[in-house]
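Observations on the model geometry
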Amino acid sequence: MDKKNITTKDKQKAKRLRSVRNKNQLTQEKMAERLDVSYSTYQRMESGRNNITIAHLEKLNKEFGVSADYILFGKVVDKRHYELEFEGSNNETKFLTVIHLVARLCELDKKQYENLLANIERGANKYSR
C-alpha cells in the first residue's frame, strides 16, 4: 500500500486543525465526534495524512466558526482566526509577535493611541454584558 507523501502544506493544514481543537479544549476523540468522523480518520487528518474534505470544512465552519480559507491557506480574516494562529504558534513565534505588536503601538501618536484605547474599552464593555 502506498503511503501519502505529507507535504509542508498538509502539515500546515493539520497544524491549523489542531489549533482549532486545542482552542476549543477538545480531545482528538471529541473533535472526531464533532466532525462526524472516526477517531483514526481524525488522527490522520491532524497528522496531515488524510485530506480535509469540503464536508469537514463545512462542519468546522458550522461548529467552530472557522473559515475554509483559514484551514486551507492560513488566511487570517478575523479575531477568531488571529487567536487560532497565535495559539498554534511556538513560544518563540508568540514572543516575536508580541514584540512586533508593542513596537507598532509605540509608533502611534497620542490621538491614535487614545482612539485605540477607546475602541478596546467599547469592545470590552460589549463582551462584559
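Given the structure is predicted, the values throughout are model-derived calculations rather than measurements. Position labels on residues start from 1 in each chain and follow its written sequence. It should be noted that, the model being predicted, local features are given only for residues of pLDDT at least 70 and side-chain atom pairs only at 80 or more, the latter also being counted only at that level, while totals for whole chains, interfaces and linings use all residues. To obtain the side-chain values, all non-hydrogen atoms of the structure were included, while hydrogens and water were left out.

Let us look at helix α1 (residues 8–23). Only DSSP runs of H or I covering at least 4 residues are called helices, and only runs of E covering at least 2 are called strands; the numbering of each starts at the N terminus. Each residue after the first adds 1.5 Å to the expected span of a helix. The end-to-end C-alpha distance of α1, which contains 16 residues, comes to 22 Å, matching closely the 22 Å that a straight helix rising 1.5 Å per residue would cover. Remark: exposure states derive from per-residue accessible area (1.4 Å probe, protein chains only) relative to the maximum for the residue type, with buried under 20%, exposed over 50%, and partly exposed in between. Among the residues making up α1, those that are buried are Asp10, Lys13, Ala14, Arg16, Leu17, Ser19, Val20 and Arg21. Just beyond α1, the residue with positive phi is Gln25, at close to 50°.

Note that predicted coordinates carrying low pLDDT should not be read in detail. Scored by pLDDT, the chain comes out at a mean of 84, with 89% of its residues at no less than 70. The predictor reports its confidence for every residue as pLDDT, a score running from 0 up to 100. Within the chain, helix α6 (residues 79–87) has the poorest average pLDDT of any element, 72, and helix α2 (residues 28–35) the best, 96.

Okay, the packing of α2 against helix α3 (residues 39–47) next. Each pair of packed helices can be described by the angle between their axes along with the distance between the axes. Axes, fitted as lines to C-alpha atoms, cover a helix only where it is in contact. Angles between the N-to-C directions of the axes lie from 0 to 180 degrees. The geometry of α2 relative to α3 is characterised by a closest axis approach of 9 Å and an angle of 100° between their N-to-C directions. Classed by the angle they form, the pair α2 and α3 counts as roughly perpendicular. Residues Gln28, Glu29, Met31, Ala32 and Leu35 of α2 form the contact with α3, whose participating residues are Tyr39, Tyr42, Gln43, Met45 and Glu46. Among the residues making up the contact of α2 with α3, the classes are represented as six nonpolar, two polar and two charged. To sort the angles, those under 35 degrees are grouped as roughly parallel, those over 145 as roughly antiparallel, those from 65 to 115 as roughly perpendicular, and the leftovers as oblique. Any pair of residues with heavy atoms lying within 4.5 Å of one another is described as a contacting pair. Basically, the charged four are Asp, Glu, Lys and Arg, the nonpolar ten are Ala, Val, Leu, Ile, Met, Phe, Trp, Tyr, Cys and Pro, and anything else, Gly included, counts as polar.

Looking now at the side chain of Ser67. Its place among the elements puts Ser67 in the loop between α4 (54–64) and α5 (68–73). Here a polar contact is recorded for every N or O atom pair within 3.5 Å, except that within protein the pair must consist of a potential hydrogen donor and a potential acceptor, and residues adjacent in sequence are included only if both atoms are side-chain atoms. Among the polar contacts listed, one links the side chain of Ser67 to the backbone nitrogen of Tyr70, at a separation of 3.0 Å.

Its location among the elements puts Glu85 in helix α6. Sequence separation between Glu85 and Tyr70 is 15 residues; the distance between their C-alpha atoms is 8.9 Å. Those residues within four positions of Glu85 in sequence are excluded, and the remaining contacts are Arg16, Tyr70 and Val76.

This part takes up the packing of α1 against α3. At a minimum axis separation of 6 Å, α1 and α3 run at an interaxial angle of 120°. Considering the angle they form, α1 stands oblique to α3. Contacts between α1 and α3 pair Ala14, Leu17, Arg18 and Arg21 from the former with Tyr42, Met45, Glu46 and Ser47 from the latter. Class assignment of the residues belonging to the contact of α1 with α3 gives a composition of four nonpolar, one polar and three charged.

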